[in-house]
Amino acid sequence: MIEFESEQSIKKKDKGSPKVSPIKIKALGIGGAGCSIISRVCSQKWSNINFTVCDSSVKTLAECGNIEKILLGESLTRGWGTGGNREVGRRVAEEAENEIRDILKGVDLLFLVCALGKGLGAGASPVVLKIAKEKGLVSIGFFILPFNFEGKASVAASEEALNDLWQLVDGAVVVSNDTLLRIGKTYSDNTSISLKEVFAKIDEILGTFLQSIENILYNPGVIGLDFADLKSFLARGRQIMITTGKGTGERCVEEAIEEMLYSPFWGEIPLKKAKGTLLSIWAGEEFKLSQLEKIILSLREKTSPHTPINFGVYLDESLSDKLVLTLLTSNATDSDLRFGKTSRKKSELGDYNQQDLDIPTFLRKQFNTA
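This write-up is about the structure you can find in this document. Note that this is a predicted model, so its numbers are computed, not measured.

How each quantity is defined
Residues numbered from 1 in each chain as written. Predicted model: local features only at pLDDT ≥ 70, side-chain atom pairs only at ≥ 80, totals over all residues. Heavy atoms only, no water. Buried < 20%, exposed > 50% of the residue type's maximum accessible area, 1.4 Å probe, protein only. Helix = DSSP H or I, 4+ residues; strand = E, 2+ residues; numbered from the N terminus. Pairing = 2+ DSSP bridges. Right-handed = clockwise from strand over helix to strand, strands pointing away. 1 Å grid on protein atoms, 1.4 Å probe; cavity = no way out; pocket = protein on both sides within 12 Å on 5 of 7 lines; lining within 4 Å. Points joined across faces, edges and corners; volume = space filled by probe spheres on them. Nonpolar A, V, L, I, M, F, W, Y, C, P; charged D, E, K, R; others polar. Patch = residues over 30% accessible without salt bridge, like charges linked within 9 Å, V, L, I, M, F, W, Y side chains within 5 Å. Areas by Shrake-Rupley, 256 points an atom, 1.4 Å probe, with all protein chains shown as cover. Salt bridge = Lys/Arg side-chain N within 4 Å of Asp/Glu carboxyl O. Expected span 1.5 Å × (residues − 1). Arc of directions from axis to C-beta. Phe/Tyr/Trp six-rings, centres within 6.5 Å; stacked < 30°, edge-to-face > 60°. Axes fitted to C-alpha atoms, helices over the stretch in contact; angles between N-to-C directions. Parallel < 35°, antiparallel > 145°, perpendicular 65-115°, else oblique. Left-handed = near helix turned anticlockwise from the far one by under 90°. Contact = heavy atoms within 4.5 Å.

1. Let's talk about the pairing of strand 5 (residues 138–145)
Of all eight residues in strand 5, eight are buried; the element is thus mostly enclosed. The alternating pattern of strand 5 places Val138, Ile140, Phe142 and Ile144 on one face and Ser139, Gly141, Phe143 and Leu145 on the opposite face, and all of these are buried. In terms of strand pairing, strand 4 (residues 109–115) meets strand 5 through seven bridges, oriented parallel. Paired with Leu112 across the two strands is Gly141, which belongs to strand 5. Following the backbone out of strand 4, through helix 7 (residues 119–134) and into the adjacent parallel strand 5, one traces a crossover that is right-handed. Pairing of strand 5 with strand 6 (residues 171–176) involves six bridges; the strand directions are parallel. Pairing of Ile140 across the sheet is with Gly171, part of strand 6. Note on the crossover from strand 5 through helix 8 (residues 152–166) to strand 6: the handedness is right-handed.

2. Here we look at the layout of surface pockets
Roughly 800 Å³ of volume is contained in the largest pocket. Lining the largest pocket are 36 residues, and of these Gly32, Ala33, Gly34, Ala115 and Lys118 sit closest to its centre. Elements with a minimum of two residues in the lining of the largest pocket: helix 2 (31–41), helix 7, strand 5 and helix 10 (195–218). When residues of the lining of the largest pocket are assigned to their parent elements, the largest contribution, nine residues, is made by helix 2. For the lining of the largest pocket, the residue count by class is 15 nonpolar, 16 polar and five charged.

3. Some words on a nonpolar patch on the surface
The grouping of Val222, Ile223 and Leu315 at the surface amounts to a nonpolar patch, some 230 Å² of accessible area in total. Along the polypeptide, Leu315 turns up in strand 11 (residues 309–315).

4. Quick look at the pairing of strand 4
Burial within strand 4 is extensive, with six of its seven residues counted as buried. By the bridge criterion, five bridges tie strand 1 (residues 25–30) to strand 4 in an arrangement that is parallel. By the bridge assignment for strand 4, Leu28 is matched with Leu112.

5. Details of helix 13 (residues 289–302)
Spanning 14 residues, helix 13 covers 20 Å between terminal C-alpha atoms, matching the ideal 20 Å at 1.5 Å per step. Among the residues of helix 13, those classed as buried are Gln291, Leu292, Ile295, Ile296, Ser298 and Leu299. The buried side chains of helix 13 occupy one side of the element, clustering within an arc of 155° when seen end-on. For helix 13, the exposed residues set more than 90 degrees away from the buried face come down to Leu289 and Glu301.

6. A word on the packing of aromatic side chains
Tallied over the full model, the rule gives six aromatic pairs. Here Phe147 and Phe149 contribute two aromatic rings whose centre-to-centre distance is 4.6 Å and whose plane-to-plane angle is 10°, an arrangement assigned as stacked. The class for Phe149 is exposed, based on a relative accessible area of 61%. With centroids separated by 5.0 Å and ring planes inclined at 20°, the aromatic side chains of Trp282 and Tyr314 adopt a geometry described as stacked. One end of the pair, Trp282, is in strand 10 (residues 276–283); the other, Tyr314, is in strand 11, and 32 residues separate them in sequence. Looking at Tyr314, the relative accessible area reads 1%, which means it is buried.

7. Brief notes about the packing of helix 5 (residues 86–95) against helix 7
Where helix 5 contacts helix 7, the two axes come as close as 7 Å, and the packing angle between them is 40°. With respect to helix 7, the axis of helix 5 lies oblique. In this structure, helix 5 meets helix 7 at a crossing whose hand is right-handed. Contacts between helix 5 and helix 7 involve Arg86, Gly89, Arg90, Val92, Ala93 and Glu94 from the former and Gly119, Leu120, Ala122, Gly123, Ala124 and Val127 from the latter. Its residues assigned to classes, the contact of helix 5 with helix 7 shows six nonpolar, three polar and three charged.

What follows is the structure, encoded as structure tokens:
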């Protein structure tokens, strides 16, 4: 005989196991650079992030592979692009408002990726972010500033666009292409770096950032972080920087901290100016409380007494005696950092090779730069 559960027993089960809606994350690339970066980053397997690209050029979208694509402004540009015209970029986005609303439906956290030197990235992004703001999404920008050699007009336009976008996002990572000139000159062994390899460094920043957020929102930790921690972090300052550090053996803590406090893109991380921090600690099963104390106290020595240090600890037996730290810092005021004016102490010496970080594959996906 088939027995059916009573309505009362079903209600009891529901009460005993509350359901929490998962956070829906969207990474959206706009314009040629945004589409290219997103199409390369999403080539790896992601469990919890949905990727979409938008452009007014049929040719650009055709090069993005198997990914959700939105063609903007077909009636205005006939699929030929905006010609670098920011006003045309705005108009094609406004024309596609219904499509933009559709791709943002149900999204909780939006990463918007674009370059600000030309038409669509600078013109369409404000339209998208205004819709996101209206829908109550948490939005984070990943903005690329042009090379200075692209001309004063391009640089000025990008700074104007960034100032406009700054009021629309909850947080932003800003990368200046000029930093790539320093990274691209040589490795420590004086071997030249190809253009493709240099641009892959920007992919690595975005990939590490996305994976850090994915880990925070989806991985349970011995000490965990969640979406509320992320929103609190963003509320303290919009300018975001991300760095990683790795250590092994007896000096794993010292090695990881030293590496984490410097970025080839932003120079020495200005922790004294940081308004908020999010620290992810990945370690082996034998990770000690004394090591955790040393990490947090080291950060407290370098930050303002008023800066909260929010951290999560995640253990993985495959790490053994390895330690991986990923630090997000937010800053509310430093316009120099916003426009890519960084410390050059280590990068000028040419002694930093990001490929030497050797972050475990479960934490940092390996990007194809070949």
